[in-house]
Amino acid sequence: IELRTDFDIDGFIYPIVRFSTGYEGGDITIINNTDSTSRQTKFVNIPANATVVMRGDINMISDGFYDNLSERNFVRVMDGLNEISVIGDVTSITFEWENRRRL
């Protein structure tokens, strides 16, 4: 997945990430290859047909799935092109963020 961001702050931002699992569920890994392939967001034992919402800016994961987060890294994006990999039984995924500006 390619995400193009355009913000003025230094560093990175944490998008709201929503994903849904298919008929199997299981382990889900999300990696921003542009950031670091060793910095993974990994969930274990997510049920089938579940929807997970995470907000890294406030360390929130919906519906009690925080305990399923084995790698305690929230997805973050950098300014510009971000190349995202998703591994596991994910039927849909969305990313939502604000392109922040300096005043």
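Above this text is the structure in question.
Described below are features of the structure shown in this document. This structure is a prediction, so every number in the text was calculated from the model and none was measured.

Looking now at unusual backbone geometry. Of note in the backbone geometry, Asn45 takes a positive phi value of approximately 55° without being a glycine. Within the secondary structure layout, Asn45 lies in strand β5 (residues 40-46). One non-glycine residue with positive phi stands out, namely Asp63, at about 50°. Mapped onto the secondary structure, Asp63 falls in the loop between β7 (60-61) and β8 (69-71). We classify Asp63 as exposed; its relative accessible area is 67%.

We now examine the sheet that holds strand β4 (residues 26-32). On the basis of which strands lie adjacent, the open sheet formed by five strands has the order β1-β10-β4-β5-β8 and antiparallel pairing. One side of each edge strand has no neighbouring strand; the edge strands of this open sheet are β1 (2-5) and β8. Along the sheet, successive strands turn relative to each other by an average axial angle of 25°, direction set aside. Where β5 meets β8, two bridges bridge the pair, whose relative direction is antiparallel. Among the inter-strand pairings, Lys42 is bridged to a residue of β8, identified as Glu71.

Relative to the helices and strands, Asn32 resides in strand β4. A distance of 2.9 Å separates the side chain of Asn32 from the backbone oxygen of Arg76, its partner in a polar contact. Beyond its immediate stretch of four places on either side in the chain, Asn32 contacts Arg76, Val77, Met78, Asn82, Glu83 and Ile84.

Here we come to the pairing of β5. One ladder, built from five bridges, connects β4 with β5; its direction is antiparallel. By the bridge assignment, Thr29 is partnered in β5 with Lys42.

Further remarks concern the pattern of salt bridges. Between side chains of opposite charge, a pair can form as their charged atoms come close. Under the counting rule described, the total for this entry stands at three salt bridges. One salt bridge in this structure joins Arg76 and Asp35, with 2.5 Å as the shortest N-O distance. Of this pair, Arg76 sits in the loop between β8 and β9 (77-78) while Asp35 sits in the loop between β4 and β5; the two residues are 41 residues apart in sequence, bridging distant segments of the chain. Given the relative accessible area of 17%, Arg76 is considered buried.

Okay, the environment of Gly64 next. Along the polypeptide, Gly64 turns up in the loop between β7 and β8. Distance in space between the C-alpha atoms of Gly64 and Val52 is 9.3 Å, their sequence separation being 12 residues.

A few words now on empty space enclosed by the protein. The tally for this structure, following the rule as stated, stands at one cavity of 30 Å³ or more. By volume, the largest cavity is sized at about 40 Å³. No other element matches the three residues that β4 contributes to the lining of the largest cavity. Taken together, the residues that form the lining of the largest cavity break down as four nonpolar, two polar and two charged.

Each value, and the rule that gives it
Residues numbered from 1 in each chain as written. Predicted model: local features only at pLDDT ≥ 70, side-chain atom pairs only at ≥ 80, totals over all residues. Heavy atoms only, no water. Helix = DSSP H or I, 4+ residues; strand = E, 2+ residues; numbered from the N terminus. Buried < 20%, exposed > 50% of the residue type's maximum accessible area, 1.4 Å probe, protein only. Pairing = 2+ DSSP bridges. Axes fitted to C-alpha atoms, helices over the stretch in contact; angles between N-to-C directions. Polar contact = N/O pair within 3.5 Å; in protein donor to acceptor, adjacent residues only side chain to side chain. Contact = heavy atoms within 4.5 Å. Salt bridge = Lys/Arg side-chain N within 4 Å of Asp/Glu carboxyl O. 1 Å grid on protein atoms, 1.4 Å probe; cavity = no way out; pocket = protein on both sides within 12 Å on 5 of 7 lines; lining within 4 Å. Points joined across faces, edges and corners; volume = space filled by probe spheres on them. Nonpolar A, V, L, I, M, F, W, Y, C, P; charged D, E, K, R; others polar.

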